[in-house]
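# Inside the fold
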Amino acid sequence: MPDIRPAPVTEPRLRPELMLQVSRALNFDPEEFAKRHLEEFVHLYLRVDGMLVGAARSADTIYEALKQVKDVYTTADSLSVQFENQLSLAYEYLPADMETLETGELVSRLIQEAPRLFLYTAQPGDTVEELLERFAMTSERLQELNPDQVLGAIDLSPGEGGGFGLPEDLELSEDQLADLRLLLLNATGTPLEPGTVLTVEQVCPLLVTTTVEEQAITRDATPERLYEDDPTMFRGQQRIVQEGTAGMETVLTRTVRRCGVPLSSTDLSAVSLGESTP
């Protein structure tokens, strides 16, 4: 559970001398009366990033609600489940028009979903199209959030500096370039440079969770690729001369997720079950 320790309220709302007079008038023990006063009027407030979520009669109610939110994202492969938000608990007086919440009511408020903005670092193999699908965004929204980035355009500039190294003497019309871009887009997607930091929009609950998972999976072991130069092909273009034979391997993979959506995946180790051949 998060390390949130509520500060106790030691000063009652009523002045001590008034509390003493009232307790005597009602024929109550003064200490018992002060204790009942705190129990009736002072409750525990939960705030997320400074925003009031609600009040509860005990810390156990709030801790149970937080646990239930974590349980939504916890699997057998989970190593850790953490909240990204700043949580705070404090004892405060409860206004007369405010009710305390039970565990289920707190959970309902904590898992209320809304679009939220996050920074995302592009991983090897990421494409714009895959990113849009993963975060359920439109290309227009992604470009709006990243006005300094050119997203969705494939660089077909001629020469060594171009994305595909087209010959400098190659003459193509605008329509031909557009057709070529579409062909490459359908074949490869729009690649993202690894390490590029983008602002993305993701639907997440009020409590944003980050989970770390480790899982052993068995998959094909891709044959080693052997390359040879071919001056008749464009830079970045490839063709298969001879297909290799895939092997099998068991890989221990660590995946980081935010609100269930994968952010990164890293292979920690691999055990070969069958060798591949180039």
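Anyway, here's the lowdown on the structure attached to this text. (Residues numbered from 1 in each chain as written. Predicted model: local features only at pLDDT ≥ 70, side-chain atom pairs only at ≥ 80, totals over all residues. Heavy atoms only, no water.)

### Quick notes on the nonpolar core
Among the nonpolar cores identified, the biggest contains 20 residues, and L131, F135, M137, L142, L192 and V200 are the most heavily contacted of them. Elements supplying a minimum of two residues to this core: strand 5 (113-121), helix 5 (128-134), helix 6 (139-145), strand 6 (197-205) and strand 9 (261-274). Ranked by size, the runner-up nonpolar core spans 19 residues in total, among them L44, A56, A59 and L66. (Core = buried A, V, L, I, M, F, W, Y, C linked by side-chain atoms within 4.5 Å. Buried < 20%, exposed > 50% of the residue type's maximum accessible area, 1.4 Å probe, protein only. Helix = DSSP H or I, 4+ residues; strand = E, 2+ residues; numbered from the N terminus.)

### Observations regarding unusual backbone geometry
Even without being glycine, A136 reaches a positive phi, approximately 55 degrees. Tracing the sequence through the fold places A136 in the loop between helix 5 and helix 6. The phi angle at C259 is positive, at roughly 50 degrees, despite the residue not being glycine. By the secondary structure assignment, C259 is in the loop between strand 8 (247-258) and strand 9.

### Here's the deal with the packing of helix 3 (residues 59-73) against helix 4 (residues 103-110)
One way to put it is that helix 3 packs onto helix 4 with a least axis distance of 9 Å and a crossing angle of 45 degrees. Considering the angle they form, helix 3 stands oblique to helix 4. Taken as a pair, helix 3 and helix 4 cross one another with a handedness that is right-handed. Mapping the contact onto sequence places T61, I62, E64, A65, L66, Q68 and V69 in helix 3 and T103, L106, V107 and L110 in helix 4. Considering only residue class, the contact of helix 3 with helix 4 consists of seven nonpolar, three polar and one charged. (Axes fitted to C-alpha atoms, helices over the stretch in contact; angles between N-to-C directions. Parallel < 35°, antiparallel > 145°, perpendicular 65-115°, else oblique. Left-handed = near helix turned anticlockwise from the far one by under 90°. Contact = heavy atoms within 4.5 Å. Nonpolar A, V, L, I, M, F, W, Y, C, P; charged D, E, K, R; others polar.)

### A closer look at the sheet that holds strand 9
The strands making up a sheet are joined through hydrogen bonds of the backbone, oriented either antiparallel or parallel. Spatially, the four strands line up as an open sheet ordered 3-7-8-9, and their pairing is antiparallel. Edge positions in the sheet fall to strand 3 (78-83) and strand 9, since each has one partner strand and no second. Averaged over all pairs of adjacent strands, the angle between strand axes in this sheet comes to 20 degrees, irrespective of strand direction. Note that strand 7 (residues 209-221) and strand 8 share 12 bridges and pair antiparallel. When the bridges of strand 8 are listed, I217 appears paired with V251. (Pairing = 2+ DSSP bridges.)

### Here's the deal with the packing of aromatic side chains
Going through the model one piece at a time under the given rule, you end up with one aromatic pair. Plain terms: the ring middles of Y120 and F135 are 5.6 Å apart, the flat faces sit at 70 degrees to each other, and that makes the pair edge-to-face. Placement of Y120 in strand 5 and of F135 in the loop between helix 5 and helix 6 is noted, with a sequence separation of 15 residues between them. Judged on exposure class, the residue Y120 and its partner F135 are both buried. The residue whose ring lies beneath K70 is F83, and the NZ or CZ to ring-centre distance is 5.3 Å. Note that R258 overlies the ring of F118, its terminal NZ or CZ placed 4.0 Å from the centroid. (Phe/Tyr/Trp six-rings, centres within 6.5 Å; stacked < 30°, edge-to-face > 60°. Lys NZ or Arg CZ within 6 Å of the ring centre and 35° of its normal.)

### Comments concerning the environment of Y63
Within the secondary structure, Y63 is located in helix 3. Taking C-alpha positions, Y63 is 8.7 Å from T103, a pair spaced 40 residues apart along the chain.

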